[in-house]
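Report on the structure
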Amino acid sequence: MLTQLSVRNFVLIESLDLELGKGLNVLSGGSGEGKTLLLNALRFVLGQGSNGKAAAARWVRAGADQAKVRVVFECPEGKQVLERTLSAAGRGRCSLNESVLPLPAFRSRASRLGEFFGQGQAQRLVESDAQRELLDAVAGTRDLLQRYSSEREELLTRARTHDRLAREELALREDWGEQQAQREALSALGPEAGEFEELILRVDRLEAQADQASALAALANDLEGDESGYNDEEGLADAVASASATLQALQGAWPELSAAHETLLQAAELLQETSRSVASVRASSGFDPHELESLRRRESEFRSLARRLGLRPEALAARWQRLRTLDPEAIAAERAALALRLRRGRKHLAGLSAELSAARASAAETLGASVLARLPELGLGEARFEVQVSTRPNPLSPGALAGSSSASVGPTSEAATCSAAASDPRPQASSSRATYPLGSSQEAPGRRDPSLASESFALEPQLLADHPSPHGADRVEVRFSANPTLPLGGLDQASGGELGRVFLALGLEAPANAALLVFDEVDQNVGARLGTAVGACLERMSHSRQVLAITHLAPVAARARLHHRITKRAGVTRVETLEGEDRVDELALMIRGEPLTEASRAQARELLIEAKAEAEKFASRAEKKQRKTTKAAKATKATKASPPKPPAPAKPRAARARQKTKTRKRGRVQPTSAA
């Protein structure tokens, strides 16, 4: 049972605390006041929706740092405190009894506490998926359905792998000659993983060093001149030395040139030092033009072979590794083992499908009878209702496998393959010959067997044909007719009011493990005429579990144990629990609207009196039934507790014989004395 709901900064709700009680709790208020928003907060804290910026923009109140919703459930196993926050940046946090959980784990545990029946779900009930989901909820097959779906997906993944291996093996055997040529070319090149990428980096690095070495050589040539001696090029140092000698010769005629001569001598020393530094760097650079040329040839070989094979140069190493390890016999062995696992997996999946179908069929019969019994209470006394479950035939039934010895494609040929693999202690060779005949063991791999050309590998499509839906092999259809003279048809033929009442009757069959049932205006298409019946249904439902309902009908609200009114003032949603005359006024507004009159208040009081009388009558009947059940249980217990009478001891064989003799003598007629 949900006892407390606290909401902070959730859309329009700044701060709201709501206390709920046992039985039926109703929320009323004008349209747009925030009733559905409060239920959205409840859905949020029970794990629905996701985190992220989009969710934050939708749920976090404008200007707030985070939205926070907290609920307290009183369960048989103890108190359950659930809390979920979502920051404005989209970061979420979930905790159960102060233990932080990831959202998927939190959702799997929290979502079981409540079942929601919201607006629009009645209209969605005409869809086959919605009908199947409802039947699964009643049948309690959610865990079984999840197992079926996950194992189906795993089986399909294995089937895809099997088909890929089969195609690879066939391609290997058909193109063995071409692949042998590739193997020889790649063997000559010997590419290694990551070699081409490293080669490109080294070439780029050495080419940059080559440019630097060329620049150093040009600088040295400018400083020292042509070192080879083949050209009469004069370096900068030589030119300065020549100019210095000329200035020294001219000093006799022009003494004022002595300062210039000294300056030129200093420049010559600086040039010599610069030249030595450049020569030292050239000597330590370590650039080897032969290494660059070798790397360029290796790169050219990579690119040339890649063009021949139609591959990217960086893919050659992977191709070489693949060709070195690729062996059709090894692939056949792997495929045979996988085929055996597929065979077992298909049997197990067919068993899960049959179990799911049986559970649905049983639940459909129970659900149909229960809903049909409830419809008269909702003004549909002459209606007919049934839930049909049609199941596809089991693909692994004896009839489906009758042709397993034929050469057909799909599960029959696969069954033959797997059977062969299971019976032979050497599954590789046996299975390979069963599905992909190879001839004698001395036969060259390149020789092509004619049977391989006609073989088709379509296990995955066949599995999808056998198990087309992740929801099982069943098609669920709810059939209904409000008029006894009309044949049963789909729910799409029902009117909006009829559909809403059928939906409400189905809601009464919700899973028993849900601690809370939430109804969001399920009476919107019913109207006041049948409001009393709807209220009575919700009130009876609340005797076995807690019910929270949003309603605009006074006959429904009058049945509640706790009545809460939702209002919105200055853009902020608030809630208040109504008692006494406040509740009378609210019911009067729901009956007639404003202005309040004594007549409408009198009608509201009358509704409350009738609801109280009905509740007391129902409680009295329930108490009598409980006493009767308790009395019967005590009688049964007393009968089991009293010791049974011990059997009479058996008489010895001789005693039994004497007893029989006496009995026979008594039965004879004794002769009289006169005779």
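Note that this is a predicted model, so its numbers are computed, not measured. (Residues numbered from 1 in each chain as written. Predicted model: local features only at pLDDT ≥ 70, side-chain atom pairs only at ≥ 80, totals over all residues. Heavy atoms only, no water.)

Per the stated rule, a full pass over the model turns up 25 salt bridges. The shortest N-O distance in the salt bridge between Arg-132 and Asp-129 comes to 2.9 Å. With Arg-132 and Asp-129 both in helix α5 (residues 128-139), this residue pair falls 3 residues apart, about one helical turn. A relative accessible area of 40% places Asp-129 in the partly exposed class. Salt-bridge contacts for Glu-153 lead to Arg-160; the nearest nitrogen and oxygen are separated by 3.6 Å. A relative accessible area of 38% places Glu-153 in the partly exposed class. (Salt bridge = Lys/Arg side-chain N within 4 Å of Asp/Glu carboxyl O. Helix = DSSP H or I, 4+ residues; strand = E, 2+ residues; numbered from the N terminus. Buried < 20%, exposed > 50% of the residue type's maximum accessible area, 1.4 Å probe, protein only.)

This part takes up the sheet that holds strand β5 (residues 78-87). The pairing of strands in a sheet happens through backbone hydrogen bonds and is either parallel or antiparallel. Strand order in this open sheet of 6 strands is β2-β1-β4-β5-β6-β7, and the pairing throughout is antiparallel. Strands at the two margins of the open sheet, each flanked by one partner only, are β2 (13-19) and β7 (99-101). The sheet shows a mean angle of 15° between the axes of neighbouring strands, taken without regard to direction. Two strands pair when backbone bridges link them, and strand β1 (residues 2-10) and strand β4 (residues 66-75) are joined in this way by 6 bridges, in the antiparallel orientation. Residue pairing across strands places Gln-4 opposite Val-72, the latter belonging to β4. (Pairing = 2+ DSSP bridges. Axes fitted to C-alpha atoms, helices over the stretch in contact; angles between N-to-C directions.)

This paragraph deals with unusual backbone geometry. Cis geometry is adopted by the peptide bond preceding Pro-595, which originates at Glu-594 and carries an omega value of 0°. Of note, Pro-595 is situated in the loop between α21 (580-592) and α22 (598-641). One non-glycine residue, Asn-9, adopts positive backbone phi at about 55°. On the secondary structure map, Asn-9 appears in strand β1. For Asn-9, a relative accessible area of 21% corresponds to the partly exposed category. Here the phi dihedral of Asn-97 falls at roughly 50°; this positive angle occurs in a residue that is not glycine.

What follows is about the confidence of the model for the protein chain. Across the protein chain, the average pLDDT comes to 77, with 79% of residues at or above 70. Across the protein chain, the secondary-structure element scoring lowest on mean pLDDT is helix α15 (residues 427-435), at 33, and the one scoring highest is strand β6 (residues 92-96), at 94. Residue range residues 399-456 is modelled with pLDDT below 50. Its contacts to residues more than four positions away, or to other chains, number 74 contacts. Residue range residues 671-675 is modelled with pLDDT below 50. Its contacts to residues more than four positions away, or to other chains, number 0 contacts. (pLDDT = per-residue confidence, 0-100. Contact = heavy atoms within 4.5 Å.)

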